[in-house]
Each structure stands twice: as structure tokens, then as C-alpha cells.
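# What the coordinates show
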Amino acid sequence: MIRKKILMLGDFAVGKTSLVRHYIDNTFDDVYLTTIGVKVSKKMLAVNHVELELLIWDIEGETPSKKIPKAYFKGASGAIIVCDASRKETVEGIREHIGDLLAFNREAKYVIAYNKSDLLSAQQKETLSLSENTFLTSAKDGSQIDILFTTLAKEILL
Amino acid sequence: MRNVQIILNAILSKNIFEYILVDRKLHVISASQGVRKYVNAMPKEGDDVLEYLPELVGNEEEIKQIFVEKYCLYTLESVYKNNDYVNISVEYCDQNTAIILLHNITAITRAQQNLLQYSNESTLLYNTLQKVVDSQNTMLFVTNAEKIEFANKKFLNFFHAENIEEIQKKELKLYQKLDASLQNYRELFVSLKEGEKYLKLGKDIFIVQATQIEAAHTLFTLTKITDFPHEMQLDPLTGLYRKDYLNEMVEKSLQEKRNFALVVMDLDNFKQINDTYGHLTGDKVLKAFVMLLKQHIRKTDLLVRWGGDEFLLFLEDGSPENAILKIENIRKLIDEYHFETIDHLSCSFGLSYTKENDSVDSLLQRADKALYEAKIKGKNKVLFKEE
Ligand SMILES: Nc1nc2c(ncn2[C@@H]2O[C@H](COP(=O)(O)OP(=O)(O)O)[C@@H](O)[C@H]2O)c(=O)[nH]1
Ligand SMILES: [Mg+2]
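Here's what I pulled together on the structure shown here. What you are looking at is a predicted structure, and each value in this text was computed from that prediction instead of being measured.

So, on to the nonpolar core. Counting residues in hydrophobic clusters, the biggest one holds 50 residues, and the most contacted among them are Leu-9 of chain A together with Ile-20, Val-49, Leu-53, Ile-88 and Ile-100 of chain B. If sequence neighbours within four positions are ignored, Ile-88 of chain B has contacts with Leu-53, Glu-55, Leu-56, Tyr-74, Thr-75, Leu-76, Val-79, Ile-100, Leu-101 and Leu-102 of chain B. Counting 31 residues, the second-largest nonpolar core is a separate cluster that includes Met-265, Phe-289, Leu-345 and Phe-349 of chain B.

In an α-helix, one turn spans 3.6 residues; hence positions three or four apart end up facing the same way. All names here are of chain B. All of the buried residues in helix α4 (residues 60-69) are Ile-63, Ile-66 and Phe-67. Buried residues in α4, looked at end-on, bunch into an arc of 95°, giving them a common side. Opposite the buried face of α4, by more than 90 degrees, sit the exposed residues Glu-61 and Val-68. Elements in contact with the buried residues of α4: β1 (17-22), β3 (74-81), β4 (84-94) and β5 (97-104). Directly after α4, the chain includes Lys-70, whose backbone phi takes a positive value near 65°.

Residue and element names in this part refer to chain A. Mapped onto the fold, Val-14 is located in the loop between β1 (2-10) and α1 (16-25). You can call Val-14 buried: its relative accessible area is 0%. Spatially, the C-alpha atoms of Val-14 and Lys-116 are 7.9 Å apart, while their sequence positions differ by 102 residues.

In a perfect tetrahedron of four donors around a metal, the angles come out at 109.5 degrees. In a perfect octahedron of six, they are 90 or 180 degrees. All names here are of chain A. The coordination sphere of the magnesium ion (ligand 2) contains the protein donors Thr-17 (OG1) and Thr-35 (OG1), at a distance range of 2.0 to 2.1 Å. Taken as a pair, Thr-17 in helix α1 and Thr-35 in the loop between α1 and β2 (38-47) lie far apart in primary sequence, 18 residues in all. We classify Thr-35 as buried; its relative accessible area is 17%.

What follows is about the site of ligand 1. All names here are of chain A. As a structural note, the neighbourhood of ligand 1 is formed by 20 residues, with Ala-13, Ser-18, Asp-29, Asp-118 and Ala-139 the closest of them. A distance of 2.7 Å separates an oxygen atom of ligand 1 from a polar atom in the backbone of Asp-29. Ala-139 places a main-chain nitrogen or oxygen 2.7 Å from an oxygen atom of ligand 1. For ligand 1, the accessible surface in isolation is 570 Å², of which the surrounding protein chains cover 92%. When atom positions are compared with the pocket grids, ligand 1 is found to occupy the largest pocket. Looking at the shell around ligand 1 residue by residue, the classes come out as eight nonpolar, five polar and seven charged.

Residue and element names in this part refer to chain B. Not every positive phi belongs to a glycine, and Ala-145 is a case in point at roughly 45°. With respect to the element layout, Ala-145 can be found in the loop between β6 (139-144) and β7 (147-151). Residue class for Ala-145 comes out exposed when judged on its relative accessible area of 69%. Despite not being glycine, Glu-146 shows a phi value in the positive range, around 75°. Its place among the elements puts Glu-146 in the loop between β6 and β7. Since its relative accessible area comes to 37%, Glu-146 is described here as partly exposed.

All names here are of chain B. Evaluated as defined, the whole model comprises one cavity of 30 Å³ or more. In this model, the largest cavity occupies a volume close to 50 Å³. Lining the largest cavity are Phe-141, Leu-174, Tyr-175, Leu-178, Leu-188, Leu-199, Val-208, Phe-220 and Leu-222. A per-element tally of the lining of the largest cavity places helix α8 (residues 174-178) first, with three residues. Residue classes in the lining of the largest cavity are distributed as nine nonpolar, no polar and no charged.

So, about the environment of Val-290 of chain B. All names here are of chain B. Tracing the chain through its elements places Val-290 in helix α12 (residues 279-295). Exposure remark for Val-290: the relative accessible area of 2% places this residue in the buried category. The spatial distance from the C-alpha of Val-290 to the C-alpha of Thr-238 is 6.9 Å, given a sequence separation of 52 residues. Apart from residues lying up to four places away in sequence, Val-290 is in contact with Thr-238, Leu-240, Leu-303 and Phe-311.

About the thresholds
- Residues numbered from 1 in each chain as written.
- Chains lettered and ligands numbered in written order.
- Predicted model: local features only at pLDDT ≥ 70, side-chain atom pairs only at ≥ 80, totals over all residues.
- Heavy atoms only, no water.
- Core = buried A, V, L, I, M, F, W, Y, C linked by side-chain atoms within 4.5 Å.
- Buried < 20%, exposed > 50% of the residue type's maximum accessible area, 1.4 Å probe, protein only.
- Contact = heavy atoms within 4.5 Å.
- Helix = DSSP H or I, 4+ residues; strand = E, 2+ residues; numbered from the N terminus.
- Arc of directions from axis to C-beta.
- Donors = N, O, S within 2.8 Å, 3.2 Å for Na, K, Ca; no water.
- Near = heavy atom within 4 Å.
- Polar contact = N/O pair within 3.5 Å; in protein donor to acceptor, adjacent residues only side chain to side chain.
- Areas by Shrake-Rupley, 256 points an atom, 1.4 Å probe, with all protein chains shown as cover.
- 1 Å grid on protein atoms, 1.4 Å probe; cavity = no way out; pocket = protein on both sides within 12 Å on 5 of 7 lines; lining within 4 Å.
- Sits in = over half its atoms within 2 Å of the grid points.
- Nonpolar A, V, L, I, M, F, W, Y, C, P; charged D, E, K, R; others polar.
- Points joined across faces, edges and corners; volume = space filled by probe spheres on them.

Bear in mind that shape data such as this cannot, by itself, settle questions of function.
Following this line, the structure appears as C-alpha cells:
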């Protein structure tokens, strides 16, 4: 069996923990509980008839005063870069997270989640210009979460 | 060796450390009983340790390196395992064995988490509040010890600044634009206690208000007035209104048939002061004079500057006698005040009081005549003209 480590990267409170929880347990909680350290969750999936175990690293979000420990980056094949589509400052943080990931591993694959899409109006959604491998997700209503993870898995297995 | 064992047992019995021994292939050799609570099952001999500790996936090569370099150590901090937080470290034991230590740090991590949660929630609240104030149509800024510490988007945009640091670099002295006699924001705040002021910035006029928020923080708001009755001009030197504003006030009061006094005042020998001490001193005298006067008139009175060293005062008062008494007090006050550089200054006053069929002009004319008489009768006098 193939095991791959992937990271959830993004500023704090953008919904990294919630995305993982929805992906694994199909549940959502409105209450914000700050993640500290790292929690690894396993998810089995079959991609193009290949069995793959994703080890999803949900880590403490980056805050202005605390960078994500680089030790967590070791051995990661890819990352899901998450921002809160309703908060501009977290969208602006995406570039830096991608930079950090690639600085550590140039081969790493990534997909981007514009999360909390349920908070956006139809008009706001239209004005977003999303590039390739970018998904408008919601951990609240579950939209685009499966495709987010499977796209990354496919990229990694390529 | 015995001592080490005692210490080890003590540590293990406190549930602070658990261990798994693994071979060169990272297969389990044995494990301490307490490991179960972190990994949900008891690791059996021969199991792949990555089944229990998937946190190590991706780092297998680095960990195996321990057997080559012997003293090297692999660590991973603050890993959440089944409601506990552990630090995981892998150390060399002998050429066929490595020990994986699980160090329980739940207590301290929970404490850190509380702090982090508090700090993150504060940051989110701060961001939210920032958005709230940015959505306001009013320009606002907060000072702390004379430094502009916070400003909303409207304010930043108006002064072509991207952020608060750029505003700070500009060292905006808005109080000077409002009233040249003000030295700092503290004084502006104090002067605003007497009532809001108007500030002209470019083509726009703003109402300026201030609120003390905490001991250190003062909030200033600048609200744009869109339809102002007429192009209002403030005298930049003294911050006083100009005569047309007084005209308006007088006309309004006449229409409402209210009784009031109008005072024209002129500093005595001001030209000499300018000639002897220079115009800068002259300006300072004017400012000091205005400050002094403002301290002794009421909020409802209106003092305006009417060119050079002439001022007008609108005094709502029950009788001419009352008004005369007040002005006489002011005359004395100035006469006895020690002005910087010039020391002594006096002023002459001409007074008129409303009567039937009065207009702005008739009131002014009488006050002006009274002033003229005060001057020829030796200055430093208050005269009232009834007819
Ligand atoms: N409306 C909405 N709220 C979300 C969504 N995802 C997360 N949240 C909320 O945002 C807050 C932070 O989420 P969390 O997953 O802890 O963020 P993390 O710090 O990035 O792990 C929590 O209160 C969640 O309930 C979403 O898609 N929509
Ligand atoms: Mg989290």
C-alpha cells in the first residue's frame, strides 16, 4: 500500500481543521477551537485503481507571530493550501504558503481551497477568478471537498 | 545501572514517558503498556510501527539514518494522539534497536492552546472591528501620546496612505489646520470639549469631534459636511470664524427677536507692537489674546476675527448693562495680563445692543462709533452707544 503525507497549510481559522473533519467524519462544528501542534488523520482512497492512504497533517495555523515549524514539512508529498474566501488577508497569504512549501520540497504538489464559500454571495463568487486546481470549498455544506482531496492525490501519484 | 532503572521506572509509572522499541526495518520489538492509550491497540512484535505512528511516514529514511550515525536523533513535537499531546523522539539503542519515546506534554500544551485560542480570537475580533470602522463613512483616527496609532480606511485614503505607518511618517498636525494656537492633539481634545469644530481640508469641510476612550487613547472623528450653507472660512491664525459667520448668527437672532450685544474690539497700538517686535510676535499676541478671551466667554457667545487686529463678539445677554459689565471685566483682564515678550497689552471696546428695527449694519455702525470714541478718549476703554 502506498502512504502519502500531505499538509493542510493556511492562516489560522480559515477552516483547515473543519475541512479535514468534514472529509473524514462528514461533520461540521461552528465553534472555533484553535489547533495546536499537529494531528494526523488517515484516509484510504482509490485513485485510478491504486490504493492510497493519505496521511493528512492538520497543523497549527500560521499567525502573524508564529510561523509553521519547518519540521512538519519533512516528507510531505503535497499540501492543501487553505484560505478563507471571505477574508482578504488570508487570500493574500496563499502565495507565501506556496512559497514555503516549494522552498522545502520543489517536487511538492498542491491544490488551493477558497473555503467558507457558503458565506459568499453569488455575485462575490462570480468575481473570484480562480486558477487551475483551485476549489471553492465549504466545510459547512461540504461542497468541493472530495474533489479537493482527490485532485491532490492524483497529482501526487502522477 | 540499578539507579537508572529506578529512575526509569519512576518516570514510566507517572505515565509521562512510554516507549516502543523497533528494529532496523522499523518493526516493533516491544512496547511499554501505556503506549496503548495513544495508539488504540497494543503494538505486537513484528508490526510495522508506521501503522501506529503514521506521523513518521515520509521520514523513514531519516529515521533509519539513526542506525548509521548512531548518536543522531529524530524528534517531532506536539503531536495529538487520542486526546493527548506527545513529543515523539527516536533514538539509537544498539545496532539493531532504536527506541521511540513518547513524552506526554498534554498539560502544558493545553495551557498553550488556551493562550493561543485567546490570542487568535482577539486577532479575529480586531480584524472584524477594523472592517466595521472601515465601513464607516466618517474618517477617524486614534491618538496615543500624540502618535496616531490607528486610523480607518477612509482616513488613510484621504491622506493617500496605505497603512498606519505611512500616516505616522507624515506627522500630520491636523490641530494646526484647525486652530493655529493649538500645539498638539491633547490641546485639540481639550478645545473640542467646548464643542465640535470645523476643519477645512482641500475643498471639503469636516465636523471634528473627540472622545476619550481610555486614559491613553483619544478618538477623533471627521465627518464631512456635504451641503454647507456657504463657503465657510476659518481664520488660519486664530482658528476663529470670520465675519460672515457672525453676520449669519446676528441675522438669525434678529429674526427671532432675541436681545444681544455686539462688541467691536481693537487692540491698542497693535501697529507699534508689530513694528517694534516683528510680525511673528504680533501673531503670537493675537493668539494669546484670543485664547484669553475664549477662556472668559461662554459657549453661546461668538468671537470672530474681522481683519488685522479687530475682533467682533456676539453676546447674548439680558441687558446692555450686563453686557457692559462683562466686557469691562474682559478689558481689565487683558490690561492686567502679562503677555509674552510685550508684557502689556490693552484693548478698546465699542458696544451696541439690540433695539427695534435693528439690522446687522445698524448694530455694527453703533458699535463702531462707540469704538471710535473709546479710541479718541484715550483707549483701553469700553464705550456703549445707544443711538
Ligand atoms: N461558514 C463557514 N464556517 C467555517 C467553514 N470552515 C470553517 N468554518 C468555521 O471557521 C472557524 C475556524 O475553523 P477551523 O477549521 O478551526 O480553522 P483552522 O484554524 O484553519 O483549522 C470555525 O468556527 C469553523 O466553524 C466554512 O466552510 N464555512
Ligand atoms: Mg485548525
